[in-house]
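Fold and contact review
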Amino acid sequence: MKVNFTLSKIPFSDQSHIHRLHIGYGKIYYINKNNIPYLEIEISDDSKNPFDMVFLFGNYFCIGQGNKAYFIDLLTYGVKELDFDWYFAYFYEYNGAFIYCFRFPALSS
C-alpha cells in the first residue's frame, strides 16, 4: 500500500496517538498519513523572511525558514538541517526532481 502524506490545515482534535517532533517553539505543522493524524512538527517562529514555505515531497516534509531549510523524513522522523549564508527562497518540483533555492539580499549603495 502506498503511503500518502498530506498537510492538515487544522490542528488535530485527538492528539493522544500522534508523534511529536520539536525543532523549536512557536509554529506547528500537522501531517496526516493516509488521511489519519500522524505527526505534529513544531519549529521556531522567529523568521521575518517573506519566502518561508513548506513542501511535501514523497516521504519528506521540507520547511524553508529564514536562512535555514529542514528536511524531515516522515517515516523515520529524522531531521536534516541546512544553513544558508543568505536566506531561503523556495522549493519546487521539476520533472520529478526536488529543487531548493536561496536568494542573495539586495545590496544598496
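Bear in mind the structure is a predicted one, so any value in this text is a computation, not a measurement. (Residues numbered from 1 in each chain as written. Predicted model: local features only at pLDDT ≥ 70, side-chain atom pairs only at ≥ 80, totals over all residues. Heavy atoms only, no water.)

1. Considering the packing of aromatic side chains
- For the coordinates displayed, the defined rule picks out ten aromatic pairs.
- Ring centres 5.1 Å apart and planes at 75° place the aromatic pair F12 and Y30 in the edge-to-face group. Here F12 is found in the loop between β1 (5-8) and β2 (19-22), whereas its partner Y30 is found in strand β3 (residues 26-33), with 18 residues between them in sequence.
- Since its relative accessible area comes to 7%, F12 is described here as buried.
- Among the aromatic side chains, those forming a connected cluster through ring pairs are F55, F57, F71, F91 and F98. (Phe/Tyr/Trp six-rings, centres within 6.5 Å; stacked < 30°, edge-to-face > 60°. Helix = DSSP H or I, 4+ residues; strand = E, 2+ residues; numbered from the N terminus. Buried < 20%, exposed > 50% of the residue type's maximum accessible area, 1.4 Å probe, protein only.)

2. Digging into the pattern of salt bridges
- Within this structure, the stated rule accounts for three salt bridges.
- Here R20 makes a salt bridge to E40, at a shortest N to O gap of 3.6 Å. Of this pair, R20 sits in strand β2 while E40 sits in strand β4 (residues 36-44), placing them 20 residues apart in sequence.
- Exposure remark for R20: the relative accessible area of 40% places this residue in the partly exposed category.
- A salt bridge links K68 to E81, with the nearest nitrogen and oxygen atoms 2.7 Å apart. Remark: E81 occurs in strand β8 (residues 79-83) and K68 occurs in strand β7 (residues 68-73); sequence separation between them is 13 residues.
- Using a relative accessible area of 23% as the deciding quantity, one classes K68 as partly exposed. (Salt bridge = Lys/Arg side-chain N within 4 Å of Asp/Glu carboxyl O.)

3. Quick word on the sheet that holds β7
- The four strands lie next to each other as β5-β6-β7-β8, forming an open sheet whose pairing is antiparallel. Looking at the sheet topology across the chains shown, the edges are occupied by β5 (53-57) and β8. Within the sheet, the average angular offset between the axes of one strand and its neighbour, ignoring direction, is 15°.
- Two elements, β7 and β8, share five bridges in a ladder whose sense is antiparallel. The residue of β8 that forms the bridge with K68 is D83. (Pairing = 2+ DSSP bridges. Axes fitted to C-alpha atoms, helices over the stretch in contact; angles between N-to-C directions.)

4. Here's the deal with the nonpolar core
- Counting 13 residues, the largest nonpolar core has I31, L39, I41, F61, I63, I72 and L74 as the members making the most contacts within it.
- Only β3, β4, β6 (60-65) and β7 provide two or more residues apiece to this core.
- It is β4 that contributes the most residues to this core, four residues altogether.
- Among residues more than four places away in sequence, those in contact with I41 are L21, I23, K27, I28, Y29, I31, F61, I63 and I72.
- Counting residues in each nonpolar core, the second largest holds seven residues, with F55, F71, F88 and F91 among its members. (Core = buried A, V, L, I, M, F, W, Y, C linked by side-chain atoms within 4.5 Å. Contact = heavy atoms within 4.5 Å.)

The values reported here are purely geometric and, on their own, carry no functional implication.
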